[in-house]
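Survey of secondary and tertiary structure
So you can see what is in the structure, the chains are spelled out below.
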Protein chains: 2
Amino acid sequence: MTDSLAPLRSAEIIAVGSELLGSTRIDTNSLFLADGLAGLGIALRAKAVVGDRRGDLATMFGLALERVDLVILTGGLGPTDDDLTRDVVSEVLRLPLAEDPAIVADIEARFAKRGMRMPAINRRQAMVPRGATVLDNPNGSAPGLLVHVGDRLVLLLPGPPREMKPMFERVAASVLSPRAGRERFYRATVLVAGRSESHVEEAIQPIYAPLATAVPPIETTILAAPGQIEVHLTALSDDAELAQRALASARERIVAAIGDDAFSLDGRSMEDIVGGLLRDAGSTIAVAESCSGGLLLSRLTDIPGSSAYVRGGVVAYSNDVKTAFADVPADLIAEHGAVSEPVATAMAEGIRARMAATFGVGVTGIAGPGGGTPAKPVGTIAIAVAGPSGTSVRTVRFNGSRAQIKHYASQSALDMVRRTVARDAAVRRG
Amino acid sequence: MTDSLAPLRSAEIIAVGSELLGSTRIDTNSLFLADGLAGLGIALRAKAVVGDRRGDLATMFGLALERVDLVILTGGLGPTDDDLTRDVVSEVLRLPLAEDPAIVADIEARFAKRGMRMPAINRRQAMVPRGATVLDNPNGSAPGLLVHVGDRLVLLLPGPPREMKPMFERVAASVLSPRAGRERFYRATVLVAGRSESHVEEAIQPIYAPLATAVPPIETTILAAPGQIEVHLTALSDDAELAQRALASARERIVAAIGDDAFSLDGRSMEDIVGGLLRDAGSTIAVAESCSGGLLLSRLTDIPGSSAYVRGGVVAYSNDVKTAFADVPADLIAEHGAVSEPVATAMAEGIRARMAATFGVGVTGIAGPGGGTPAKPVGTIAIAVAGPSGTSVRTVRFNGSRAQIKHYASQSALDMVRRTVARDAAVRRG
């Protein structure tokens, strides 16, 4: 049956929810969906956000349905009165709703698992337009829906990203991919630490002009993200192998131009890369952090399986805690100040010894907004990494909000750990 | 003349640019505009992003024009072929374009200032639909345009935020504000912890129906955010004092229905509220966390000034670290397992004593994805809070990814601290 249907070439995304029309919330689901659609070679023609108003949603949905092959609606599938997506889609498509007993049973089971009874209003989530396919939602109570309208498809997904994303991925693989055309977008990424956006641009400019006219042409985009620069490479092609080969060779040339500062060639985060290096080396890590306030440890432990190499750490916000928990001599703090390279070094070496870890990290600085001095302004951070081949230490300075400075401090510290662990492993390999 | 026109009550924003349909860029202009419109009491009914395609933009613009009083288009005013906004607006409104010599002179002067001659393509930016008002752009070469269509307004703004924002502010003050009704939006928020969205809905349903028909009517929106439920109250009124009073009374009734679970009445985050309580009580806090991996400490230290009450803490990922740094007896871990209420209690009491803090928190659990057992599945978390009046402990269970479980664990722990500190303060006050 799939074969007889026209390919899906174009899509529109409609995010539903009055909260997305305010000044504080943003529809980030559409970024994920844009990426997924690009991977299928389906052109995203427009995206829209409408509030919880029946008429507005009906108009926007009706218009999308006239123009594109695939309409994706996110949100408005909850149990409350202002969750209108199901109702409006059924009205516009003239497909009456009926309660699906299997969904009711599922939702009741979800509540029962948490020792709760299902509130009566959740029954709304079991209403299904005639002929629609129900999409299981293992991460929430709102099932998704898939409706065929002739050659076109309408996909209703829940709003919360953790429910929406796996559901879209399943539908993409099982329904959308077989109906997409042969041209697909292929991508590669190089993440860079320790350089500014313009320095990355300078380094790779001689490479990316020829890439743009190669076969297939590769488009290069440079983006500045917090604490890292991202080089995105994109190729549109109907030949997967050719595209992948071209991207791999382009990536190689970029890495050759950038060197050690290129830390991730597959999109993995800094903490993931560092974790992989530690695991491969059979090493462990311990942290004593002050200004980053637990964020460095939290990022390290964001990685599944990190308990194999994270021994633990100390957040030493007060000087006496630095002394009692990371063996930093009190007179060292008195002499150099808490934010200093000697103290960062003592923190790294102290926590390494106390927690019997292969590597110890010390981070001390001023996250602001208060606490700066002319000699040590807000954003001054001393970072030390202690390991089997000694301790290295450096002082860096960042601008930004308290949250940004915490993030930059943790990113710099992770990057120092990455370079240290990689160097030690290279030395051991001889 | 202004007086004879109908007030502007509704708006739609259309952002133009294919780059905004990718997976890496987001339209942030609309957040700024949403805020500005709310301040004028103009309801934002929808927002859309369309690529640089004539037909798509024409359709979306035509549709907006039928539905709202004010259509704001951002972007697509540059000098290149894919900058279509001027052309499409003139076509849809049937207002022919003519070159404005004053704009040409302006752009030529801008280029001359940088020692350059104006490229010929920049003449496109001087094309003005008949009858439109030209809006100066001191920060770029693209002027904005304002078109009256009967009672309705169409506003074309440049895409770069630093050009768009000042231009909108000038138009808002000079043109929109006099045409806006006297009615403005007023807002209040109640944040709730420890209840599901449906349970919040059930509790306040008897309240929000009457609110919707009160004077002024108050609209209630319930949103599920990670670890908390948000109740947003909005009133549209021409009487600021009346609106504020009505919102305050509505908020009071909601708090009365929800009780202690309502933790924030002004939008402040849980960590901010907890920090305020600790500061007001002159108390300090120390943390021993395992599965939350530093996130609890990181959230506590996200708050400016937190060094006044955060003593520090330990991330005890391994059992021997729990023993060495938080004085958890090894045989207690052997007997009950690391994820247990006795161990959480010992962590809280141990770190409280070791760091000489008023309150100690212990968090131990299984963040997953590995490490679960039938008796203690992934997501099982034991949390204890020790303070001057003793220690309380509970076990909670969450579903979700590793990152989500870490967040929920930190949120639950903060919420337990909040309740403990508030209770202690109440007892002390007698």
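Residues numbered from 1 in each chain as written. Chains lettered and ligands numbered in written order. Predicted model: local features only at pLDDT ≥ 70, side-chain atom pairs only at ≥ 80, totals over all residues. Heavy atoms only, no water.

For the rest of this paragraph, the subject is the pairing of strand 10 (residues 218–225) of chain A. Residues and elements named next belong to chain A. Where strand 10 lies against strand 11 (residues 228–237), 8 bridges are found, and the strand directions are antiparallel. Among the inter-strand pairings, Ile-222 is bridged to a residue of strand 11, identified as Val-231. Linking two consecutive strands that pair antiparallel, namely strand 10 and strand 11, is a turn of 2 residues; a positive phi of about 75° is found at Gly-227 within it. (Pairing = 2+ DSSP bridges. Helix = DSSP H or I, 4+ residues; strand = E, 2+ residues; numbered from the N terminus.)

Helices that pack against each other are described as a pair by the angle of their axes relative to one another and the distance between those axes. Residues and elements named next belong to chain A. Two elements in contact, helix 2 (residues 54–67) and helix 3 (residues 85–93), have axes whose closest approach is 10 Å; the angle formed by their N-to-C orientations is 55°. The angle between the axes of helix 2 and helix 3 places the two elements in the oblique class. For the element pair helix 2 and helix 3, the recorded crossing hand is right-handed. Between helix 2 and helix 3, the residues in contact are Arg-54, Leu-57, Ala-58, Phe-61, Gly-62 and Leu-65 and Thr-85, Asp-87, Val-88, Val-89, Glu-91, Val-92 and Leu-93, respectively. Class assignment for the residues of the contact of helix 2 with helix 3 results in 8 nonpolar, 2 polar and 3 charged. (Axes fitted to C-alpha atoms, helices over the stretch in contact; angles between N-to-C directions. Parallel < 35°, antiparallel > 145°, perpendicular 65-115°, else oblique. Left-handed = near helix turned anticlockwise from the far one by under 90°. Contact = heavy atoms within 4.5 Å. Nonpolar A, V, L, I, M, F, W, Y, C, P; charged D, E, K, R; others polar.)

Here the focus is the interface of chain A and chain B. Between chain A and chain B, the residue contacts involve 72 residues of the former and 70 residues of the latter. For the chain A and chain B pair, buried surface summed over both sides reaches about 5800 Å², with 56% attributable to carbon and sulfur atoms. Across the chain A-chain B interface, the total number found is 9 salt bridges. The partner of A:Arg117 in a salt bridge is B:Glu202, with the nearest N and O atoms 3.4 Å apart. (Buried area = accessible area lost by both parts, 1.4 Å probe. Salt bridge = Lys/Arg side-chain N within 4 Å of Asp/Glu carboxyl O.)

What follows is about a positive patch on the surface. Taken together, the side chains of B:Arg110, B:Lys113, B:Arg114 and B:Arg162 make up a positively charged region of the molecular surface. With respect to the secondary-structure elements, B:Arg114 resides in the loop between helix 4 (101–113) and strand 5 (127–129). (Patch = residues over 30% accessible without salt bridge, like charges linked within 9 Å, V, L, I, M, F, W, Y side chains within 5 Å. Areas by Shrake-Rupley, 256 points an atom, 1.4 Å probe, with all protein chains shown as cover. Lys, Arg positive; Asp, Glu negative; His and termini not counted. Charge placed at Lys NZ, Arg CZ, Asp CG, Glu CD.)

What follows covers the sheet that holds strand 9 (residues 184–192) of chain B. Residue and element names in this part refer to chain B. Read from one edge to the other, the open sheet built from 4 strands follows the order 10-11-9-12, with strand pairing classed as antiparallel. Two strands bound the open sheet, and with one partner strand each, they are strand 10 (218–225) and strand 12 (262–264). Each neighbouring strand pair of the sheet contributes to a mean axis angle of 35°, computed without reference to strand direction. Two strands pair when backbone bridges link them, and strand 9 and strand 12 are joined in this way by 2 bridges, in the antiparallel orientation. Bridged to Leu-191 within strand 12 is Ser-264.

Taking strand neighbours across the sheet as the criterion, the 10 strands line up as 17(A)-16(A)-15(A)-13(A)-14(A)-14(B)-13(B)-15(B)-16(B)-17(B) in an open arrangement whose pairing is mixed. At either end of the open sheet lies a strand with only one pairing partner, and these are strand 17 (390–397) of chain A together with strand 17 (390–397) of chain B. Averaged over all neighbouring strand pairs, the angle between strand axes comes to 10°, with direction disregarded. Inspection of the sheet shows strand 16 (residues 380–387) of chain A paired to strand 17 of chain A by 8 bridges, in the antiparallel sense. For A:Ile381, the partnering residue across the bridge sits in strand 17 of chain A and is A:Val396. In the packing of helix 13 (residues 402–429) of chain A onto the sheet, contacts are made with strand 13 (285–289), strand 15 (359–365), strand 16 and strand 17 of chain A, and the angle to strand 16 of chain A comes to roughly 25°. Relative to strand 16 (residues 380–387) of chain B, helix 13 (residues 402–429) of chain B is tilted by about 25°, and along the sheet it contacts strand 13 (285–289), strand 15 (359–365), strand 16 and strand 17 of chain B.

Time to look at the packing of aromatic side chains. On inspection of all chains with the given rule, the structure shows 5 aromatic pairs over all chains. Seen in terms of ring centroids, A:Phe32 and A:Phe168 are 6.1 Å apart; in terms of plane orientation they differ by 75°. Their pairing is edge-to-face. Note that A:Phe32 is positioned in helix 1 (residues 29–39) and A:Phe168 in helix 5 (residues 161–179), a separation of 136 residues in sequence. With relative accessibility at 2%, the residue A:Phe168 sits in the buried group. A ring pair is formed by A:Phe325 and B:Phe325, whose centres lie 6.1 Å apart and whose planes are at 35°; its orientation type is tilted. With A:Phe325 in helix 10 (residues 319–326) and B:Phe325 in helix 10 (residues 319–326), the pair connects residues from two separate chains. Under the relative-accessibility criterion, A:Phe325 is labelled buried at 1%. (Phe/Tyr/Trp six-rings, centres within 6.5 Å; stacked < 30°, edge-to-face > 60°. Buried < 20%, exposed > 50% of the residue type's maximum accessible area, 1.4 Å probe, protein only.)

Moving on, we come to the confidence of the model for chain A. Chain-level pLDDT for chain A is 93 on average; 99% of the residues reach the 70-or-more range. For this predicted complex, the interface score ipTM comes out at 0.82, while the overall pTM is 0.82. (pLDDT = per-residue confidence, 0-100.)

What follows concerns the packing of helix 1 of chain A against helix 5 of chain A. Residues and elements named next belong to chain A. Two elements in contact, helix 1 and helix 5, have axes separated by 11 Å at closest approach and are oriented at 10°. The angle between helix 1 and helix 5 falls in the class roughly parallel. Between helix 1 and helix 5, the contacting residues are Asn-29, Phe-32, Leu-33, Gly-36 and Leu-37 on the first element and Pro-161, Met-164, Lys-165, Phe-168 and Glu-169 on the second.

All names here are of chain B. Omega for the bond connecting Val-215 with Pro-216 falls within 30 degrees of zero, at -5°, which places this linkage in the cis form. Its location among the elements puts Pro-216 in the loop between helix 6 (197–212) and strand 10. Across the junction of Gly-368 and Pro-369, the peptide omega takes the value 0°, indicating a cis bond. Within the secondary structure layout, Pro-369 lies in the loop between strand 15 and strand 16. Even without glycine at this site, Ala-356 takes up a positive phi of about 50°. Along the chain, the position of Ala-356 falls in the loop between helix 12 (341–354) and strand 15.

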